[in-house]
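# Notes for the structure review
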Amino acid sequence: MIQEIQIYNTLTRKKEVFTPLVPGKVGLYVCGPTVYGPPHLGHARSAITFDLIFRFLKQIGYKVRYVRNITDVGHLVADADEGEDKIEQQAKLDELEPMEVVQIYTNLFHKAMDMLNVESPSIEPHASGHIIEQIEEVKKILDSGYGYESNGSVYFDVEKFASENEYGKLSGRKIEDLISNTRVLDGQIEKHSGLDFAIWKKAQPEHIMRWPSPWSDGFPGWHIECTAMSTKYLGETFDIHGGGMDLTFPHHEAEMAQAQAAHGKPAVRYWMHNNMITLNGQKMGKSLGNAISLEQFFSGNHPLLEKSYSPMTIRFFMLQAHYRSTLDFSNEALQASEKGLERLMNAVAKIESLPVSDSSTLNIAELTANCYAAMSDDMNSPIAIASLFEGVKFINSISDGKSTITSEDRDALKSLFHAFVFDIFGLNAEDQNESGSNEVLNEVVDLLMKLRTEAKANKDWATSDKIRNELAAIGFEIKDGKEGVSWELKK
RNA sequence: GGUCGGUUGGCCGAGUGGUUAGGCAGCGGUCUGCAAAACCGUGUACGGCGGUUCGAAUCCGCCACUGACCUCCA
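Procedures and definitions
Residues numbered from 1 in each chain as written. Chains lettered and ligands numbered in written order. Predicted model: local features only at pLDDT ≥ 70, side-chain atom pairs only at ≥ 80, totals over all residues. Heavy atoms only, no water. Helix = DSSP H or I, 4+ residues; strand = E, 2+ residues; numbered from the N terminus. Expected span 1.5 Å × (residues − 1). Buried < 20%, exposed > 50% of the residue type's maximum accessible area, 1.4 Å probe, protein only. Arc of directions from axis to C-beta. Pairing = 2+ DSSP bridges.

### Topic: helix α3 (residues 98-115)
Taking 1.5 Å per residue, 18 residues should reach 26 Å; α3 reaches 26 Å between its end C-alpha atoms and fits that length. Taken together, the buried positions of α3 are Pro98, Val101, Val102, Tyr105, Thr106, Phe109, Ala112 and Met113. Viewed along the axis of α3, the buried residues span an arc of 125°, placing them on a single side of the element. Of the exposed residues in α3, those oriented more than 90 degrees away from the buried face are Lys111 and Asp114. One or two positions beyond α3, positive phi appears at Asn117, with a value near 60°.

### Considerations on the pairing of strand β1 (residues 6-9)
In terms of strand pairing, β1 meets strand β2 (residues 14-17) through 4 bridges, oriented antiparallel. Its bridge partner lying in β2, Ile7 is registered against Glu16. Hairpin geometry of β1 and β2 is characterised by an intervening segment of 4 residues between the two adjacent antiparallel strands and by a positive phi of about 60° at Arg13.

### Thoughts on unusual backbone geometry
Of the consecutive residues Phe249 and Pro250, the connecting peptide bond is found in the cis state with omega at 0°. Mapped onto the elements of the fold, Pro250 is located in helix α8 (residues 248-263). The phi dihedral of Asn117 is positive, around 60°, even though this residue is not glycine. Tracing the backbone through its elements, the reader meets Asn117 in the loop between α3 and α4 (131-144). One non-glycine residue, Lys459, lies in the positive phi region at around 55°. One can find Lys459 in the loop between α15 (439-457) and α16 (461-474). Since its relative accessible area comes to 61%, Lys459 is described here as exposed.

Set out below in structure tokens:
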């Protein structure tokens, strides 16, 4: 079942045939969230992108170990390395223990991921749970000569590394440009060069998050956690490393250098980066203060949102764009996705009851091949979705009596749609809002429907329209179909 | 300033040297007591100016606009 696929490797800037290190198995590492704030649309894009990759690789027969970390230590909040740990900063604001903050936002993240139907990774390691492994990596880097200790902190010697290895290749940077562009920051006296980055940082007295190490009581530098955890769970060399495009520099560049320094060989074979979500053409991000949280999307509680958007709408919206393109948020675009998704899901539900004939007027095998070909070409979900809509048109046409399908093809079509819609794209039928669980409400509305149907039978249009219009005003949508009346409570 | 991208029809968004992306909206139709919903049909776009070519939206050059990274960031 395993077929040839191509993926775009940021390192080489082109699509490459994907060949795993170990046949049939894939090691995938993705930078997860820093849990100091509520999850926003950007987190969803990354999570959904790599969820798609995870799901597709499994679908075509690979055994995948997917590691996505939780960053809960180490980020510095200020320009200088003297700054407080970001998580600690938030903790002080909230008057909570740092790990309490971590727990709160980790839970929120998990909840949002569940709602978006993002599968759990195989392993979700916390940086704080791998301090020992990180210290070991720091030791290896010191042993290899690419690190130096300075006043209790340990730094990575970028210029030395660059003189003997490639540095800047991933992000397309030249070391000379970096040197001339680096800002001179306070507290840099400890470093030999402004390019150097901390791999272990001595904690200031007031710093709460701290661990003992051979150099000082402190905390690990940001970049080292991914090297330590990917090495532990996937090995010194593994297949795919993913993350948001904004992480390519300096984070991933530093990771590449560190791993090379520590292990004497490159760690990552394919680098994959998802692009950003934009809002009015500008990147949506926590640091820009324009991030809309996922909770706000689900509830519609944000000035920029005209209405609430379900998790599946968000998911489908993202799948309709290629992961390497920026995706611009707008109410109009989201509403278009919402309707498209509804049409897709309605068609899926219809397949089973489609009437069969002696012949098919659409080539299902070809449709199937197109879908897999699209995904095999660097996870081109929008193309695959376009093919699926070809199938939707066909399905509706059959139920309209204008096209035909054989029993065999109907089974194939059903398999195709189930594989793509549910397994690969991870879309699921939405619950029929809260009304679905409210039996009494259902019965009351059904009663009104019955009264309206009776009024219609008596040609008492005044009464039937009154029932329909007043229910509509409350938010109910009344659908008169050939098989009878149905209704839905729209938010 | 440096580096790398982007500019596609009303909106979102694929793609590509010559052939319909797709979704949404709009329009027309079917259905309906009328609607709504649903379904069917329908659009002919590729920033500007040059160049290469039998042929470019797709390749090259210049220009304009815009974005990302260069600091934490998905």
